[in-house]
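Now for the letters of each chain:
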Amino acid sequence: MKFVVLLAAVAALSSAASFPGKTEHYRGNQLIRITVEYEEDLKWLRNIEEKMNLDFWTDPSTIRPVDVMVPRDFTSEFKRMLNKRELYYKVLRQDLQDDVDNDLAEAMRALQKKARIGIQTLDDFDYSIYHPFDEIQQWATDVANEYSFVTKFKFGETYEGREIGALEIAAPANAMASDPKPVVYFEGGIHAREWISPATVMFFTGKLLEMYNNGDADARRVLGMFDLHIVPSLNGDGYVFTWTDERLWRKSRQPNPDFGCVGTDLNRNFDAFWGQNGASPWPCSIVYRGFTPLNNPETTAVDAHFQALKAAGRVTKVFIDWHSYSQLILAPWSYSSAAELPAESENQLAAAAAMAAAMNSTNSVAGGYIHGPSARLLYEASGASNDYGFASTPAATYTYVVELRDTGEYGFVLPADQILPSGEESYDGVIALLDYVINNDYD
Ligand SMILES: *[C@@H]1O[C@H](CO)[C@@H](O)[C@H](O)[C@H]1NC(C)=O
Ligand SMILES: [Zn+2]
């Protein structure tokens with residue numbers, strides 16, 4: 001049965017004449033990395049970002065390399081402007097359509113190969129390839145069927161009516177566990193194009209359960225002390241759109257009446273310092289905050305989940321929103337670099353350090369994972385998940401945005417051969433983080 005479903009999905013994807021991508025949307029677009037050394041140059045870039053509505057892959061708000069996707073018609077002019085300003089730049093990707101085509105072709109080849117073999121059980125699930133949205137949902141169903149203490153539940157519905165599946169992992173409690181156990185929340189795929197996020201969340205979830213069944217001490221300890229709530233792919237509409245139409249789509253797919261542009265940046269739409277710095281009031285911006293806080297069904301689903309937990313007297317201890325890219329672990333605050341850090345900051349950063357150290361050591365990934373308070377380390381973003389998780393309904397002390405691989409070589413179009421390494425280091429990071437909480441802040 002599953003085999004048939006998968007074949008149909010592959011056929012639908014490849015026959016939509018849409019493959020690879022409906023249009024040559026990115027033909028001639030270049031990914032350019034600019035070396036920035038002075039604040040005035042950042043300001044100049046931010047001005048261009050606003051005026052030209054360019055898709056900056058790394059935000060021009062701190063002194064670090066800035067990656068920006070430049071449309072084909074603007075590349076020569078843009079380079080002329082950079083030269084005039086004496087800004088050093090490097091073309092990272094010559095033609096993003098080629099990268100996107102290769103990426104989708106590789107994903108389709110992997111899926112077709114798998115369709116020929118057929119998946120019958122969870123054991124056949126291939127964590128080393130990227131999966132379409134329906135397969136992610138099927139994976140959640142299969143996981144719930146496989147483990148008696150795992151339940152799949154409907155987290156919400158996307159704007160286009162897709163069911164957002166979530167897992168509750170409620171293993172038998174350790175003798176030392178609180179009753180009920182504190183909740184750990186992991187969310188993947190809020191930004192559609194960050195494919196490594198759902199892939200990584202699925203991998204470490206699957207590994208944790210398998211290790212638990214094998215009697216592994218780490219997995220037994222962690223699952224005995226916490227209940228895990230896991231949403232592998234929150235922005236289902238956006239994710240599907242990256243497979244069928246625009247590989248580099250970021251936002252939701254909810255239309256904005258009176259404006260031509262579709263979508264909200266769901267990670268600017270949360271009810272936490274909404275509408276302040278680092279979020280745009282303009283619907284065409286890739287960081288559009290939405291018309292009001294939580295006015296997208298996907299963010300509403302997150303909030304409804306935590307309202308219900310709160311009403312039930314459940315404590316949420318950890319909240320991680322998994323993103324890519326840049327290899328960062330970002331603690332509050334996100335909305336302001338000037339705001340005084342919260343009293344919990346010391347613990348948040350110590351736990352993040354434990355996580356980063358573990359993620360560094362697994363594969364010694366180039367560049368490592370850097371941790372720090374979001375706005376100070378990186379850039380200001382209001383209405384973002386890490387402030388929401390900490391300061392709004394979930395009130396989870398250990399709230400982070402984790403930016404996964406890489407540091408810019410491939411950016412959002414990360415080859416599938418990096419899924420397993422990303423998953424392995426994230427697994428180690430999760431264990432280290434949860435152990436920090438168990439040892440230092442568990443009641
Ligand atoms: C992780 O690796 C990076 C790069 O080497 C380093 O800067 C950072 O301090 C490391 N983090 C920890 C907690 O060891
Ligand atoms: Zn993101």
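Numbers given for residues are sequential positions, taken from 1 along each chain in its written order. Labels are handed out in written order, letters beginning with A for the chains and numbers beginning with 1 for the ligands. Predicted model: local features are reported for residues with pLDDT of at least 70 only, side-chain atom pairs are reported and counted for 80 or more only, and whole-chain, interface and lining totals are derived from all residues. The basis for every side-chain value is the complete set of non-hydrogen atoms in the structure, without hydrogens or water.

Undergrad: Explain the coordination of the zinc ion (ligand 2) to me, please; I cannot follow it from the model alone.
TA: Six octahedral donors at a metal ideally form angles of 90 or 180 degrees, and four tetrahedral donors ideally form angles of 109.5 degrees. Here a donor is any nitrogen, oxygen or sulfur atom (N, O, S) within 2.8 Å of the metal, with 3.2 Å used for Na, K and Ca; water is not among the atoms considered, so some sites may look incomplete. Listed as protein donors to the zinc ion (ligand 2) are His191 (ND1), Glu194 (OE), Glu194 (OE) and His323 (ND1); their distances from the metal cover 2.1 to 2.4 Å. Angle rules define the geometry names used: all angles between 85 and 135 degrees makes four donors tetrahedral, while opposite donors over 155 degrees apart and all other angles between 65 and 115 make four donors square planar and six octahedral, leaving every other case irregular. Geometry at the zinc ion (ligand 2) is irregular, judged from the four donor atoms that bind it and their angles of 57 to 147° at the metal. Read from N- to C-terminus, the donor residues coordinating the zinc ion (ligand 2) fall into the pattern H-x2-E-x128-H. Of the two residues, Glu194 is situated in the loop between β7 (183-188) and α6 (196-213) and His323 in strand β9 (residues 316-324); the sequence distance between them amounts to 129 residues. Partly exposed residues are those whose accessible area sits between 20% and 50% of the maximum for their type, while under 20% is buried and over 50% is exposed, using a 1.4 Å probe and protein chains only. When its relative accessible area of 2% is taken as the criterion, Glu194 is described as buried. His323 sits in the buried class, given a relative accessible area of 2%. Each helix is a run of DSSP H or I of at least 4 residues and each strand a run of E of at least 2, with the numbering of both proceeding from the N terminus.

Undergrad: I tried to follow the domain arrangement of the chain on my own but got confused; where do I start?
TA: When the parts of a complex come together, some accessible area is lost, and that lost area is often used as the size of the interface. Here the chain is partitioned into domain 1 (30-94) and domain 2 (128-247 + 273-440). Domain borders in the structure are assigned automatically or taken from a domain database. Its C-alpha centre places domain 1 at a distance of 29 Å from the equivalent point of domain 2. Whether two residues are in contact is decided by their heavy atoms: any pair within 4.5 Å suffices. In this assembly, 13 residues from domain 1 lie in contact with 16 residues from domain 2. A combined buried area of about 1100 Å² lies between domain 1 and domain 2, and 47% of that area is made up of carbon and sulfur atoms. Two parts placed together each lose some accessible area under a 1.4 Å probe, and adding up what both lose gives the buried area. Contact with domain 2 buries surface across domain 1, with Asn53, Trp57 and Arg93 losing the most and accounting together for 40% of the total. Here, a salt bridge means any Lys or Arg side-chain nitrogen found within 4 Å of an Asp or Glu carboxyl oxygen. Here domain 1 and domain 2 share one salt bridge between them. We note a salt bridge from Asp55 to Arg193, for which the minimum N-O separation is 2.8 Å. Here a polar contact is recorded for every N or O atom pair within 3.5 Å, except that within protein the pair must consist of a potential hydrogen donor and a potential acceptor, and residues adjacent in sequence are included only if both atoms are side-chain atoms. Scanning the region where domain 1 abuts domain 2 turns up six residue pairs in polar contact (both at pLDDT 80 or more). Elements that contribute at least two residues to the side of domain 1 that touches domain 2 include exactly β2 (55-56) and β4 (89-93).

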